[in-house]
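An overview of the molecular structure
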Amino acid sequence: MLGSPFPLLVLLCSFALCGYAGVRLLEGDWLLVVLWFAGAAVLHDLVLAPLYLAADRALLATAGPRRRWVNHVRVPAVLSGLLLLVWFPLITGRVSERYVRVTALSADGYAARWLLLTAALFGGSALLYAVRVRRGRRRPPDPG
Amino acid sequence: MARSLLTAPRWRSPLRGPRFTAVLGTVLLAGVTVLFVTGLVSYASYNPDLARVNDKTPGKGILGFYLFSWPTDPPWLYRLTQGVHVTLGLTLVPVLLAKLWSVLPRLFTVPPVRSLSHALERLSLLLLVGGALFQFATGILNVQLDYVFPGSFYPLHFYGAWVFFGAFLAHVVLKMPVALRNLRAMRRREPEEPGDLVVPDPGAPTLTRRGAFGLVGGASLLLFATSAGRSFDGPLRQTAVLTPHGGPEPGTGPNGFQINKTAAYAGIRPAETTAEAWRLAVTGRSGTVRLSRAELLDLPQHSAALPIACVEGWSTSDQWWRGVRLRDLAALVGEEEPTDVLVESLQRRGAFRKAALRANQVADPRSLLALAVNGEDLSPDHGHPARIIVPAAPGVLNTKWVARLTFGRL
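Residues numbered from 1 in each chain as written. Chains lettered and ligands numbered in written order. Predicted model: local features only at pLDDT ≥ 70, side-chain atom pairs only at ≥ 80, totals over all residues. Heavy atoms only, no water.

In the nomenclature of an unreviewed UniProt entry, chain B corresponds to Molybdopterin-dependent oxidoreductase from the organism Streptomyces composti.

Going by what an unreviewed UniProt entry lists, chain A is known as Lipoprotein and is assigned to Streptomyces composti.

Right, let's talk about the overall build of chain A for a bit. Broken down by element type, chain A carries five helices and zero strands. Ordered by position in the sequence, the α and β elements of chain A form the string α-α-α-α-α. Here chain A has a C-alpha radius of gyration of 24 Å; the compact-globule value for 144 residues is 15 Å, and the former is much larger. Along the first, second and third principal axes, the C-alpha atoms of chain A reach 65 × 55 × 20 Å. Put simply, chain A has 144 residues, and 33% of those count as buried. (Helix = DSSP H or I, 4+ residues; strand = E, 2+ residues; numbered from the N terminus. Rg over C-alpha atoms; globule rule 2.2 N^0.38 Å. Buried < 20%, exposed > 50% of the residue type's maximum accessible area, 1.4 Å probe, protein only.)

Residue and element names in this part refer to chain A. In terms of domain boundaries, chain A breaks down into domain 1 (29-65) and domain 2 (68-144). Using C-alpha coordinates to define each centre, domain 1 is positioned 21 Å away from domain 2. The interface of domain 1 with domain 2 comprises five residues on the first partner and five residues on the second. Both faces combined, the contact of domain 1 with domain 2 buries some 450 Å², and carbon together with sulfur accounts for 77% of it. At the surface where domain 1 touches domain 2, the tally comes to one salt bridge. Here Arg 74 ties to Asp 56 by a salt bridge, and the two come within 2.7 Å at their closest N and O atoms. Linking domain 1 to domain 2 there are one residue pair in polar contact (both at pLDDT 80 or more). (Domains from an automatic or database assignment. Contact = heavy atoms within 4.5 Å. Buried area = accessible area lost by both parts, 1.4 Å probe. Salt bridge = Lys/Arg side-chain N within 4 Å of Asp/Glu carboxyl O. Polar contact = N/O pair within 3.5 Å; in protein donor to acceptor, adjacent residues only side chain to side chain.)

This part covers a positive patch on the surface. Residue and element names in this part refer to chain A. On the surface, a cluster of positive charge is made up of Arg 134, Arg 135, Arg 137 and Arg 138. Along the chain, Arg 135 turns up in helix H5 (residues 110-138). Given a relative accessible area of 51%, Arg 135 falls into the exposed group. (Patch = residues over 30% accessible without salt bridge, like charges linked within 9 Å, V, L, I, M, F, W, Y side chains within 5 Å. Areas by Shrake-Rupley, 256 points an atom, 1.4 Å probe, with all protein chains shown as cover. Lys, Arg positive; Asp, Glu negative; His and termini not counted. Charge placed at Lys NZ, Arg CZ, Asp CG, Glu CD.)

Turning our attention to the side chain of Lys 400 of chain B. Residue and element names in this part refer to chain B. Along the chain, the position of Lys 400 falls in the loop between strand E9 (387-389) and strand E10 (402-407). Although buried, Lys 400 forms no salt bridge, and the nearest oppositely charged side chain, Asp 381, lies 6.6 Å from it. Of note is the side chain of Lys 400, whose polar atom sits 2.9 Å from the backbone oxygen of Lys 261. Once residues lying within four places of it in the same chain are set aside, the contact partners of Lys 400 are Ile 259, Asn 260, Lys 261, Ser 345, Gln 347, Asp 381, His 382, Gly 383, Ala 386 and Arg 387.

Below, the discussion takes up the confidence of the model for chain B. A residue-level look at chain B finds 98% of positions with pLDDT of 70 or above and a mean pLDDT of 94. Segment residues 1-6 of chain B: pLDDT under 50, and seven contacts once partners within four positions in sequence are set aside and those in other chains are kept. (pLDDT = per-residue confidence, 0-100.)

Leu 25 and Trp 87 of chain A together with Val 93 of chain B are the most contacted members of the largest nonpolar core, which has 82 residues in total. Among the elements that line this core, the one with the most residues is helix H5 (residues 153-187) of chain B, at 12 residues. The contacts of Trp 87 of chain A, once residues within four sequence positions are left out, are Leu 90, Val 143, Gln 144, Leu 223, Leu 242, Thr 243 and Pro 244 of chain B. With 52 residues, the next largest nonpolar core counts Leu 296, Ala 304, Leu 378 and Val 390 of chain B among its residues. (Core = buried A, V, L, I, M, F, W, Y, C linked by side-chain atoms within 4.5 Å.)

All names here are of chain B. Domain parsing of chain B yields domain 1 (18-225) and domain 2 (263-407). For domain 1 versus domain 2, the distance between C-alpha centres works out to 38 Å. Counting residues at the interface gives 30 residues for domain 1, matched by 30 residues for domain 2. A buried area of about 2400 Å², summed over both sides, lies between domain 1 and domain 2, and 58% of it is on carbon and sulfur atoms. Together, Leu 50, Thr 72 and Arg 79 form the three largest contributors to the area buried by domain 1 at its contact with domain 2, with a combined 27%. For the pair domain 1 and domain 2, the number of links is two salt bridges. One salt bridge in this structure joins Asp 49 and Arg 358, with 3.0 Å as the shortest N-O distance. At the junction of domain 1 and domain 2, the tally comes to 15 residue pairs in polar contact (both at pLDDT 80 or more). Ranked by residue count, the leading element in the side of domain 1 that touches domain 2 is helix H2 (residues 77-102), at six residues. Looking at the side of domain 1 that touches domain 2 residue by residue, the class counts come to 17 nonpolar, nine polar and four charged. (Nonpolar A, V, L, I, M, F, W, Y, C, P; charged D, E, K, R; others polar.)

Structure representation (structure tokens):
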């Protein structure tokens, strides 16, 4: 089965452009570049996403039916995790030596600042939760 | 039931649906377009069509179709375009990840292939998703100097961008009608139509859609707030707490501003830059002259207030440079008309230890061979004995530790 003609033509046109750039992208170490390109998608779809989905399911399972506090864990965890994902070379210190030699800047403190930010995020979230709980006690329960 | 990678997971989130995807997709459509355009602009700013030394992608073919002479006005042009490119890229990371999350069930579509069109579409999606993640990963690693990617950053990020953009264009053409329909229905507050993205038996909601958008937006805001400051000096730079070239300046005083590469890293030996050892060789139509630093200081000195802006997305505000105009040096060797120049540095490593500037850059009265900055001699890390500074040029073309200038058509 061919499918509808318009998408087919659009895709073939797109592949031609991708192919033109692709052969140039692969001029160097083509196998490694292919691994990086496809590996990025595989790593996201089959490693990163299942990991965070599993973590979220574990969190929900722990929470049981009383799920009010779940987002007070989720939100800071997502924000902190995202910062780690983006800045892990500096936070883990794997580029520290080069960073100092190249820029004359200090590479210390990235991990400490990430931990402080994480502490602030979870701490702020906990504070917000405490405020919500206190307000909930004073007010009659929400009918919704 | 045992679950493996080959059997679809049970999707539960009631957040998923064509509208959630459409909103994120529309944000990415705008954002990725700006990233692509500013990326092409950055590529053009190197003047790769001027000289082989500027061109890290000599096999580009028609992909350089749009190249133009990079202007010198406004002087903050590259600072703006590259700051937007990198900061926006960082800001879009949460949107990209949320978009991918929203369409995860499609990865496990059964049957995996329905028709030739469908098979090609899935192949195109591999290029789209792989391309997006490849571009974001290489960019984010490069700004942190983590050169683990397989090859030189310039060709990988440039050709990778075109592969990604090819798949992105097809995706936009094929999906835009659906996205627009969903956005319009959303504005009319019509109920969401069932579709393959709507979970048939959703779990109890733990987060509203508004809350989910808030989380994505908040995450973007957090990345923006912790990185945008590195395009400025002083207290604003301090706000870029997790970003390279954020935080405090490397030094104090006139030479205290941000350094792209230190003299030590570039392999500059102090012995080659002393007053006795260092001579600038200037070559042109009428031959070669060799000038000591004292002789350069005897030539008419001019000032220019210009920023340093790096491909990595950080920049400084205007520094007050002082030195000899490039066009005066050209005239010294018989080049009265505006002409190109090949600049060679003492540095032993770095992709741009030789770099070419175009006639319009040489002709600009603010383009200097700078000897001093902010009222003091250049420090070794800022290019002592002499460095190039050209308005609007990307930082790496403002060659430091200049040893030789060769004027003439390139």
